[in-house]
Amino acid sequence: MFPRLLAARLSLKNRGRLAAAYLGLTLFGAILLVGCQGASPSSDASGSGGRIRVVTTTTVFADIVRNVGGDLVDVTSLVPKNGDVHTFEPRPADVRSVAQAQLLVMNGLGLDDWLAKTITNASSSGTPLVKLAVDLPGVTLLAGEDPGTENPHLFMDPTYVELYVDRIAAGLKQVDPAGASRIEAQAAAYKSRLAELDTWVRDQVSTIPLQDRKLVTFHDAFPYYAREYGISIVGVAVAAPGQDPSAGYTAALIDAIRKAGVKAIFSESQFPAKLVDQLAAETGTKVVANLYDDALGDPPVTSYEAVIRWDTQQLVAALR
C-alpha cells in the first residue's frame, strides 16, 4: 500500500509531550478496574437518577456505552460530535468531567492517549479505566503511521466492536454488580445488531465490481474496514491529521492513484477538503468528502451503526 512505501511517516504533533504521561497510563493494562470495585454506584457519586457516570473520549464510544448500559448509564464524550480526536485539547470542563467519572472509556493505541494527561490533571487515577483496543484478544493489528505502532481504528470493523462491547460490559458490571444481568442482556442485544450490520455491509460491498474495490482516504482510518470487506486502500492524503504532507509525498500519491485507476477519493466531514480536491483535480477522480469514523455527526449519522451504514452507502455509490 502506498503509504507504507514512504521512508518516514509524520507523528501527531502532540504525542511527544504526552509520552511521559502515557507511560504512567500503560500501567493500568487493557482494562484497569481500580477503586469502586464490587460496589454499586453511591447516590452521591453517581450520575443523574443514580446512573453510572461514564466519560468516554469520543462520541462513537459514548454511543456504544449507551447501547450496552441503557438507562443504567449517564455518558459524556470529551470530544464533541464532528470533532477531531487526534488533535483534541481537553478544556478545564473536561478535566472536571473526568474527575467526576465512575468509569472512563478510551480506545488507546495512540488515538486518544491525551486522556492520560487529563487523568493526571483530574487526580482521578483510581477511577476504573477501560482501554478498548489494547491487547484485544483475537485481533490482528495493522501497522500504524510510525514504525513500531499499530493502527488504532479497530472500531471501523463491526466484528471488532463486538469485542469492544464485551470490555465495556465488563467495566460496567464491575462498577455496578447489581445491574449485571441487565447489562449482559443489553450487550447481547447490541452484539446481535452488530452482527446484522456486518452482514449488511458485506452484501453492499459485494455489489462493487472487484476491480473497483480500491480507494484513497484523507487519513488512515479505514484499513480494518477495508481488510474485513475486501477493499484495497491505495493511499492516504495525510500521514497524520493536523500536519500537511510534503510536496514529494503528494506527488507520489498522485502517481499511485493514476497507476491504480482509483475512482474516488474519500475524506471525513471534519477535515478540510482542499487537499483532496487538489488530488482529484490532478487525477480526474471524484471526491466524496462526507465520511465519518472517529466522531458522530448531525442526523442521520448520530450512532455508531449509522456511521458504518452511511460510510458504506457513500463508498458503494462512488465505486459501483
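Residues numbered from 1 in each chain as written. Predicted model: local features only at pLDDT ≥ 70, side-chain atom pairs only at ≥ 80, totals over all residues. Heavy atoms only, no water.

## Focus on unusual backbone geometry
Rules: Numbering of helices and strands runs from the N terminus, with a helix taken as a DSSP run of H or I at least four residues long and a strand as a DSSP run of E at least two residues long.
The omega torsion across Pro299 and Pro300 is 10°, close enough to zero to call that bond cis. Its location among the elements puts Pro300 in the loop between strand S9 (286-291) and helix H10 (304-319). Here Leu109, not a glycine, exhibits a phi torsion of approximately 60°, which is positive. For Asp135, which is not a glycine, the phi torsion comes out positive at approximately 55°. Structurally, the position occupied by Asp135 is in the loop between strand S5 (129-131) and helix H5 (158-175).

## Observations concerning the packing of helix H2 (residues 59-69) against H5
So the rule is basically this: Working convention: axes come from line fits to C-alpha atoms, limited for helices to the stretch in contact. Angles between N-to-C directions cover 0 to 180 degrees. Crossings are sorted by hand: turned counterclockwise from the far helix by less than a right angle, the near helix makes the crossing left-handed, and turned clockwise it makes it right-handed. By the convention used here, residues are in contact when the closest approach between their heavy atoms is within 4.5 Å. When residues are grouped by polarity, Ala, Val, Leu, Ile, Met, Phe, Trp, Tyr, Cys and Pro land in nonpolar, Asp, Glu, Lys and Arg in charged, and all others, Gly among them, in polar.
Close contact between H2 and H5 brings their axes to 10 Å; oriented N to C, the two are set at 65°. At the point where H2 passes H5, the crossing takes the right-handed sense. Contacts from Phe61, Ile64, Val65, Val68 and Gly69 of H2 reach H5 at Val161, Tyr164, Val165, Ile168, Ala169 and Leu172. A breakdown of the residues in the contact of H2 with H5 according to their chemical character gives 10 nonpolar, 1 polar and no charged.

## Focus: the environment of Phe61
Going by this rule: Here's how the labels work: a residue is buried when its accessible area is under 20% of the maximum for its type, exposed when over 50%, partly exposed in between, all with a 1.4 Å probe on protein chains only.
One can find Phe61 in helix H2. On the basis of relative accessible area, Phe61 is assigned to the buried category, the value being 0%. The sequence separation of Phe61 and Val75 amounts to 14 residues, and the corresponding C-alpha distance is 9.6 Å. Sequence-distant contacts of Phe61, that is, excluding residues within four places in its chain, are made with Thr56, Val105, Met106, Asn107, Leu111, Asp112, Leu132, Phe155 and Tyr164.

## Some words on the packing of helix H6 (residues 180-205) against H10
Keep this limit in mind: Here roughly perpendicular refers to angles of 65 to 115 degrees, roughly parallel to angles under 35, roughly antiparallel to angles over 145, and oblique to all remaining angles.
Look at H6 against H10: their axes get within 10 Å of each other, and the N-to-C directions meet at 5°. Our classification of the angle between H6 and H10 gives roughly parallel. Along its contact with H6, which presents Tyr190, Arg193, Leu194, Leu197, Trp200, Val201, Gln204 and Val205, the element H10 presents Tyr304, Glu305, Ile308, Arg309, Thr312, Gln313 and Val316. For the contact of H6 with H10, a count of residues per class yields 9 nonpolar, 3 polar and 3 charged.

## Some points on the pairing of strand S4 (residues 103-106)
Basically, it comes down to this: At least two bridges found by DSSP between two strands is the condition for calling them paired.
Of the two faces of S4, the one holding Leu103 and Val105 and the one holding Leu104 and Met106 are both buried throughout. Where strand S2 (residues 52-56) lies against S4, 3 bridges are found, and the strand directions are parallel. Across the sheet, the residue bridging to Val55 is Leu104, located in S4. Summarising the sheet, S4 and S5 pair through 3 bridges and their orientation is parallel. What sits directly across from Met106, in S5, is Lys131.

## A closer look at the pattern of salt bridges
Applicable threshold: By salt bridge we mean one thing: a side-chain nitrogen of Lys or Arg within 4 Å of a carboxyl oxygen of Asp or Glu.
One pass over the structure, following the stated rule, counts 11 salt bridges. Across the salt bridge formed by Asp298 and Lys81, the nearest N and O atoms sit 2.6 Å from each other. With a gap of 217 residues between them, Asp298 in the loop between S9 and H10 and Lys81 in the loop between strand S3 (73-77) and helix H3 (92-100) connect regions that are remote in the sequence. Given the relative accessible area of 37%, Asp298 is considered partly exposed. On the basis of relative accessibility, which here comes to 45%, the residue Lys81 falls in the partly exposed class. Several salt bridges converge on common partners, so that one network encompasses Asp198, Arg202 and Glu228.

## Comments concerning the packing of aromatic side chains
Just so we agree on the cut-off: Stacked, tilted and edge-to-face are the three classes applied to pairs of Phe, Tyr and Trp rings, where Trp contributes its six-membered ring and a pair requires centres within 6.5 Å; stacked means planes under 30 degrees apart, edge-to-face means over 60, and tilted covers the rest. Should the NZ of a Lys or the CZ of an Arg lie within 6 Å of a ring centre and within 35 degrees of the ring normal, that charge is described as sitting over the ring.
Tallying each qualifying case throughout the model produces 6 aromatic pairs. Ring geometry for Phe88 and Trp114: centres 4.9 Å apart, planes at 55°, overall tilted. Separated by 26 residues along the polypeptide, Phe88 in the loop between S3 and H3 and Trp114 in the loop between S4 and helix H4 (115-122) bring together distant segments of the chain. Here Phe222 and Tyr225 contribute two aromatic rings whose centre-to-centre distance is 6.4 Å and whose plane-to-plane angle is 85°, an arrangement assigned as edge-to-face. A network of ring pairs unites the aromatic residues Phe61, Phe155 and Tyr164 as a single cluster. Note that Arg309 overlies the ring of Trp200, its terminal NZ or CZ placed 4.7 Å from the centroid.

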